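Summary of structural features
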Amino acid sequence: MSRRVVVALLGPVTWSPPGVDPARWRTALAEDVVDLLATLNEVETAVAVTAQDRWLADAVVWPGTQVYEVTEPTPNAVFAAVAAGRHTSKTGGYDQVAVVAADAPDVPGLTLGKLLRPLTTRPVALAPAEGGGTGLLGVAARLPVPAWLPALDLDTTEPAEVRRAAPSPGDVAVTAGWRRMRGPADLAALDPAVEGWETTRALLSGRPV
């Protein structure tokens, strides 16, 4: 059975709701994503941060969660760190890695599961970011990562770019997407009736978090 890890990339957050402290907003989003990862079955979970953002990882991870320090907040840097085996709590390597944005507090676990599923037959899978703006919710790849995989940016890369770089467009699966919290329209789409995103919900309601 393939050994898989899903990594929350705690990258920069460029927007926060009016009146909400940007650092608290970023922390709430990351905490909800990390909490969701902890509920996933048949995968291991981790977070990735740059050295200057290690404080954020320390604020949101569960005990024993692996933290990868990367040189830049990109999927490629995460793939390189995981492939290099720079971890202390586990032994052996991973076969599949998924990197997901940490500003999608209400993303369903099923959506993340669908990101990994195509890797049984394809080397790369992408989940687009829905709503306003460009970019990706996440990217998954088999290890070793294909040499043709271009530099990826979760905020700007589009699936078509990655497919153009592949030997065949069919080498890249595009799975179900989800919104990231990058503007007022994304915020308005949060459904209070849906379970999850508890820390973000509390922050928006003014409750202590």
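To be clear, the structure that these remarks concern was listed above.
Attention in this report is confined to the structure presented alongside it. (Residues numbered from 1 in each chain as written. Predicted model: local features only at pLDDT ≥ 70, side-chain atom pairs only at ≥ 80, totals over all residues. Heavy atoms only, no water.)

**So, the overall build of the chain**
To keep things clear, this is the line we draw: Counting from the N terminus, the helices are the DSSP runs of H or I reaching at least four residues and the strands are the DSSP runs of E reaching at least two. Based on C-alpha atoms, the radius of gyration is set beside the globule rule, defined as 2.2 Å times the residue count to the power 0.38. Think of it in three bands: with a 1.4 Å probe and only protein chains considered, a residue is buried below 20% of the maximum accessible area for its type, exposed above 50%, and partly exposed in between.
Helices and strands together make up the secondary structure of the chain, namely seven helices and eight strands. A compact globule built from 209 residues should have a C-alpha radius of gyration of about 17 Å, and the chain, at 16 Å, falls within 12% of that. C-alpha extents for the chain along the principal axes are approximately 50 × 35 × 30 Å. Across the 209 residues that make up the chain, the buried fraction comes to 49%.

**Focus on unusual backbone geometry**
Cis geometry is found at the peptide bond from Leu143 to Pro144, where omega equals 0°. Positionally, Pro144 belongs in the loop between strand S6 (136–142) and helix H5 (159–165). Here the phi dihedral of Glu42 falls at roughly 65°; this positive angle occurs in a residue that is not glycine. Its identity is not glycine, yet Trp197 carries a phi of approximately 40°, on the positive side. Among the structural elements, Trp197 can be located in the loop between helix H6 (184–188) and helix H7 (198–205).

**A few points about helix H3 (residues 75–83)**
As a reminder of what qualifies: Whether two residues touch is decided by their heavy atoms; if any such pair falls within 4.5 Å, the residues are in contact.
Listed in full, the buried residues belonging to H3 are Pro75, Ala77, Val78, Phe79, Ala81 and Val82. Packing partners of the buried residues in H3 comprise strand S1 (4–9), strand S2 (44–49), strand S3 (66–69), strand S4 (96–101) and S6. One or two residues past the end of H3 sits Gly85, with phi positive at roughly 70°.

**Comments concerning the packing of aromatic side chains**
Working definition: an aromatic ring pair is given by the centre-to-centre distance plus the angle between the planes. Short version of the rule: Classification of ring pairs rests on two measures: the distance between centres of Phe, Tyr or Trp rings, Trp counted by its six-membered ring, which must be within 6.5 Å, and the angle between planes, read as stacked under 30 degrees, edge-to-face over 60 and tilted in between.
Evaluation of the coordinates by the stated rule reveals one aromatic pair. Residues Trp15 and Trp25 carry aromatic rings whose centres are separated by 6.1 Å and whose planes lie at 85° to one another, so their mutual orientation is edge-to-face. Placement of Trp15 in the loop between S1 and helix H1 (22–37) and of Trp25 in helix H1 is noted, with a sequence separation of ten residues between them. For Trp15, a relative accessible area of 18% gives the class buried. Owing to a relative accessible area of 0%, Trp25 belongs among the buried residues under this scheme.

**Let's talk about the nonpolar core**
Convention followed: The definition of a nonpolar core used throughout is a set of buried Ala, Val, Leu, Ile, Met, Phe, Trp, Tyr and Cys residues joined through side-chain atoms within 4.5 Å.
Residues Val6 and Leu10 are the most contacted members of the largest nonpolar core, which totals 30 residues. Only S1, H1, S2, helix H2 (54–60), S4, helix H4 (109–116), strand S5 (124–130) and S6 provide two or more residues apiece to this core. Ranked by the residues each element gives to this core, the list is headed by H1, at five residues. Each residue touching Val6, except ones within four places of it in the same chain, is listed here: Leu37, Leu40, Val43, Glu44, Thr45, Ala46, Ala98, Val100 and Leu116. Residues Val5, Ala81, Val139 and Leu149 belong to the second largest nonpolar core, which totals 27 residues.

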